[in-house]
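Tertiary structure, described
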Amino acid sequence: MLKQFLNLKLSQKLSPQQIQLMKLIQLPTQAFEQRLLEEMNENPALEAGKEDEYEADEFANEDYDDYDDAESDRIEADDINIDEYLSDDDTPDYKTQVNNYSEDEERETPFASPISFHQDLINQLNTFILNDEEREIAEFLVGSIDDMGYIRRSVPDIVDDMAFTQGIYTDEAMVEKMMTVIHELEPSGVGARDLQECLLLQLKHKTPTEYVDLAIDIIENQFDAFTKKHYDKLLQKYSVSNEQLKKAIHEIERLNPKPGGSFTGNNKVTENVVPDFAIRIVDGELELTLNGRNAPSLHVSKDYQEMMQTYKDSRDKSAAQKDAVQFIKQKLDSAKWFIDAIRQRQETLFVTMNAIMHYQEEYFLDGDETKLKPMILKDIADMVGLDISTISRVANSKYVETPYGTKLIKEFFSEAMKNDQGEDVSTLEIKKILQNTIEEEDKKKPLPDDQLAEILKEKGYPIARRTIAKYREQLDIPVARMRKKI
């Protein structure tokens, strides 16, 4: 049985220009410069530098609609929520990397060195005297090392893998023999099967001392007690003083648990953060500036404008000329739109950051993080009259240089919580007080989460133990047992 339904839906279509404007707003300084270069390479009607005075507005009001019905009005995107159009531009994950590029931006990645981590290990192998079989096995083992410097596969699996994938037939004894060669490579600890072996390899490469020997014994025979920080058990086991154990533990703490991760020649991206804004304090007042690289001088090509004018003045207009002028007009319109879009981008960035600066004025004047006020995207959107999605795109990938360091703008946003006076306070303020409390604790008796909750309650912040645990994890602070020192 068929049924008919009447369904009303209010929707608003965005033009390609509006979507491109939003993408321009999202780009931080470096990515914006790359986008600008691409546009200038693609459009010869767009030129850098200031335009001569006599030609500034000469063709500003020219009407070429005889050849194209498309409109080139100012882009009005202030009140449009465009999330559904830009689903590929979601908020980046700032805990893993700084996303200074949009998904469709071609990235130029600087490397710290042209030699990879694994190639460096192969080069080191060349200094050992090995026969052909040994070299094949050693190189296979190097290829099995992950980016952190570990071989996380069992010897039997490696033997099988070499036979099936490389046609190298050997036994476990030979693989173990070549494993000892790998363990001689730098950085020390590379090729370990687990953390315990990694630490042992590094300790055994150290100059033997009383404390290094004790550290080796602890890792070799009391690893579980060490990882759980059962120092009383270790003191009793080895019959040593607190000071002796403390120095042995210090030897262990100086080791690198991820030897591959510290190699400067691996293919890790070098992050270059360029501030998009700068805030200065001048005569007790805040002063905001936009990075000049976001405000390039551009103008429409005079040659292209003159070609268009020549065609308009021509009496004989052939079909070929019409095709040519259509191309010229398209390039002129595109150049004018891009210049206007850049100006709107500048305005949007500046008014948004200016609102954030004044909203958090107390913080920017003295740098005290406890003075950061609760602030959500809607607060700033209401102040400047822009859509929340636009504010998000400004905040998520932009940096501001302040007297207290370069900060990701996203970090100034936080939810509100009530203190014991019923006042709204920022969760950032609570996290800072929690961090300070943990830093001041007695490291011999670290404070568990329930005691931290009591202390914050006494300070005027009544929050639950589970909230303490959540904030502690967000601050990358381990549980009390793991913060214990001798």
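Keep in mind that what you see is a predicted model, and the values were worked out from it rather than measured. (Residues numbered from 1 in each chain as written. Predicted model: local features only at pLDDT ≥ 70, side-chain atom pairs only at ≥ 80, totals over all residues. Heavy atoms only, no water.)

Glancing now at the overall build of the chain. When its secondary structure is counted, the chain shows 19 helices and eight strands. Put simply, of all contacts in the chain between residues at least 6 apart along the chain, 68% involve residues at least 24 apart. Of the roughly 27,600 Å² that the chain leaves accessible, carbon and sulfur atoms contribute 47%. (Helix = DSSP H or I, 4+ residues; strand = E, 2+ residues; numbered from the N terminus. Contact = heavy atoms within 4.5 Å. Areas by Shrake-Rupley, 256 points an atom, 1.4 Å probe, with all protein chains shown as cover.)

Phi is mostly negative for residues that are not glycine, and the peptide bonds are mostly trans. Between Glu186 and Pro187 the backbone carries a cis peptide bond, its omega angle lying at 0°. Mapped onto the fold, Pro187 is located in the loop between α6 (172–182) and α7 (195–204). With a phi angle near 50°, Ser239 is a residue other than glycine that sits in the positive phi range. One can find Ser239 in the loop between α10 (231–238) and α11 (242–253). Exposure remark for Ser239: the relative accessible area of 64% places this residue in the exposed category. The phi angle at Asp476 is positive, at roughly 60°, despite the residue not being glycine. (Buried < 20%, exposed > 50% of the residue type's maximum accessible area, 1.4 Å probe, protein only.)

Chain-level pLDDT for the chain is 80 on average; 79% of the residues reach the 70-or-more range. In this model residues 53–113 is a low-confidence stretch, pLDDT under 50, and it forms 113 contacts with partners more than four residues away in sequence or in other chains. In this model residues 264–270 is a low-confidence stretch, pLDDT under 50, and it forms 21 contacts with partners more than four residues away in sequence or in other chains. (pLDDT = per-residue confidence, 0-100.)

Now for the nonpolar core. As a rule of thumb, nonpolar side chains are buried together in soluble globular proteins. Residues Met353, Ile409 and Phe412 are the most contacted members of the largest nonpolar core, which totals 48 residues. The element that contributes the greatest number of residues to this core is helix α13 (residues 319–359), accounting for 14 residues. Leave out the neighbours within four places in its chain, and Phe412 touches Ile356, Gln360, Tyr363, Phe364, Leu372, Lys373, Met375, Val400, Lys407 and Leu428. In this structure, Leu130, Phe140, Ile145 and Ile158 belong to the second largest nonpolar core, which totals 24 residues. (Core = buried A, V, L, I, M, F, W, Y, C linked by side-chain atoms within 4.5 Å.)

Inspection of the secondary structure assignment puts Glu441 in the loop between α17 (427–439) and α18 (449–458). Assessed through its relative accessible area of 9%, Glu441 is described here as buried. Polar contacts involving the side chain of Glu441 include one to the side chain of Lys443, which spans 3.0 Å. Side-chain polar atoms of Glu441 contact the backbone nitrogen of Leu447, separated by 2.9 Å. For Glu441, the residues in contact, after removing those within four places along its chain, are Pro446, Leu447 and Arg483. (Polar contact = N/O pair within 3.5 Å; in protein donor to acceptor, adjacent residues only side chain to side chain.)

Quick look at the packing of aromatic side chains now. For the structure on display, the rule yields six aromatic pairs. Each ring, one from Phe223 and one from Phe226, has its centre 6.5 Å from the other, and the planes form 35°; the classification is tilted. A residue pair is termed a helical-turn pair when its members lie 3 or 4 positions apart in one helix, as Phe223 and Phe226 do in helix α9 (residues 223–227) at three residues. Ring centres of Trp337 and Phe338 lie 6.1 Å apart, and the angle between their planes is 55°; on these two criteria the pair is classed as tilted. With relative accessibility at 16%, the residue Trp337 sits in the buried group. With a relative accessible area of 0%, Phe338 lands in the buried category. The structure contains a cluster of three or more aromatic residues connected by ring pairs, namely Tyr363, Phe364, Tyr404 and Phe412. Above the ring of Tyr150, the side-chain terminus of Arg152 is found at 4.3 Å from the ring centroid. When the ring centre of Phe32 is taken as origin, the NZ or CZ atom of Arg345, which lies over that ring, is 4.0 Å away. (Phe/Tyr/Trp six-rings, centres within 6.5 Å; stacked < 30°, edge-to-face > 60°. Lys NZ or Arg CZ within 6 Å of the ring centre and 35° of its normal.)

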